[in-house]
Amino acid sequence: MDLSLGYITTLWPALVRGLGETLTLFCLTLVLSLPLGLPVALGSISRFWPLKILCCIYVWLFRGTPLMLQLFFFYYGLGIMATSYDMPMLRLGRFPAVVLTFALNYAAYFAEIYRAGIQSIDRGQYEAAKTLGFTRIRTMFKIIIPQTIRRIIPPVSNETITLVKDTALANVIAVPELLKVAKDAANRDTNPTAYLLAAVCYLAITFVLTLVYQKLEKRFSRHEQEAV
């Protein structure tokens, strides 16, 4: 292992590009999956049975199969289908395929977190809102969901940190994210230093996220105490 400043300096530009790819994938996944999980969660507890069954199947499918298998399906599987059935619109580039897969996968996990949070709210609050003349939709968005947000911060935090590590799976379809860049450098130079630097980058990201979520938990718990 070569930890000299000169060697690290030669590795750093490529690692920074890989880190940028990783952070882009991470941010796009959160931006897409966090809001997508809410309608799926609401659908899974809906009284409209076809919608409820559809949402439950979606969650079951994406939580019950490996993320790597889903990556292979959306990149290679859809590519084969595009060729076989002359449907070029099904063919996705590497990065779009990864973003789509991660967004759909994590939306299923966030949907379960939202569902559990919503169902943890006391049923008496629904009755009280109904007495005050609130519609079911208004009750959900004005009373239930704001309280749910406070309760789901810890599990959302755990999933978000898991997402940071899962971005490394994108290297299986040759997306040049952080781990792929580190692996290429290590194989080229027969030197594991790039792996060590990549590990430091992952740890730094998770450390920052941990601090952010700790502050959010404290902020919401303080507001809850003030409300009481």
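See the structure printed just above.
Keep in mind it's a predicted model, so treat the numbers as computed, not measured.

A. Just the nonpolar core, in detail. Core analysis: the largest hydrophobic core is formed by 52 residues, its most contacted members being Leu 11, Leu 15, Tyr 58, Val 98, Phe 102, Phe 110 and Leu 178. Looking at this core, the elements that each hand over two or more residues are α1 (5-44), α2 (49-64), α3 (67-84), α4 (94-119), α6 (136-166), α7 (178-189) and α8 (193-227). With 12 residues, the single largest contributor to this core is α4. With sequence-adjacent residues up to four places away left out, Leu 178 is seen in contact with Leu 15, Gly 18, Leu 19, Thr 22, Ala 198, Cys 201 and Tyr 202. Ranked by size, the runner-up nonpolar core spans 7 residues in total, among them Ile 121, Tyr 126, Ile 144 and Ile 145.

B. Quick look at a nonpolar patch on the surface. On the surface, a cluster of nonpolar side chains totalling about 600 Å² of accessible area is made up of Trp 49, Ile 53, Ile 57, Trp 60 and Leu 61. Inspection of the secondary structure assignment puts Ile 53 in helix α2.

C. View of unusual backbone geometry. Backbone geometry at Asp 86 places phi at a positive 50°, although glycine is not the residue there. Here Asp 86 shows up in the loop between α3 and α4. Positive phi, normally seen in glycine, also occurs at Thr 190, with a value near 45°. You can see Thr 190 is positioned in the loop between α7 and α8.

D. Inspection of α6 at higher detail. Helix length check: α6, at 31 residues, gives a terminal C-alpha distance of 37 Å against a target of 45 Å (1.5 Å per residue), a shortfall beyond 12%. By the largest-angle criterion, Ile 152 marks the main kink of α6, which is about 50°, and a proline, Pro 154, follows within four residues.

E. The packing of aromatic side chains, seen in detail. The full count for this structure, using the stated rule, is 6 aromatic pairs. Between Phe 73 and Phe 74, the aromatic rings sit 5.3 Å apart at their centres with planes inclined by 80°, giving edge-to-face as the arrangement. In this structure Phe 74 comes out as buried when scored by relative accessible area, which is 11%. Ring centres of Tyr 106 and Tyr 109 lie 6.2 Å apart, and the angle between their planes is 45°; this geometry places the pair in the tilted category. Of this pair, Tyr 106 and Tyr 109 both sit in helix α4, separated by 3 residues, roughly a single helical turn. Residue classification places Tyr 106 among the buried positions, given a relative accessible area of 1%. Taken together, the ring pairs in this structure connect Phe 72, Tyr 75 and Tyr 76 into an aromatic cluster. Just above the ring of Tyr 126 sits the side chain of Arg 123; from NZ or CZ to the centre is 4.2 Å. Here Arg 138 stacks its cationic end above the ring of Phe 134, 4.2 Å away from the centre of that ring.

Thresholds, definitions, all that
Residues numbered from 1 in each chain as written. Predicted model: local features only at pLDDT ≥ 70, side-chain atom pairs only at ≥ 80, totals over all residues. Heavy atoms only, no water. Core = buried A, V, L, I, M, F, W, Y, C linked by side-chain atoms within 4.5 Å. Buried < 20%, exposed > 50% of the residue type's maximum accessible area, 1.4 Å probe, protein only. Helix = DSSP H or I, 4+ residues; strand = E, 2+ residues; numbered from the N terminus. Contact = heavy atoms within 4.5 Å. Patch = residues over 30% accessible without salt bridge, like charges linked within 9 Å, V, L, I, M, F, W, Y side chains within 5 Å. Areas by Shrake-Rupley, 256 points an atom, 1.4 Å probe, with all protein chains shown as cover. Salt bridge = Lys/Arg side-chain N within 4 Å of Asp/Glu carboxyl O. Expected span 1.5 Å × (residues − 1). Bend = angle between axes of the 7 residues up to and from the residue. Phe/Tyr/Trp six-rings, centres within 6.5 Å; stacked < 30°, edge-to-face > 60°. Lys NZ or Arg CZ within 6 Å of the ring centre and 35° of its normal.

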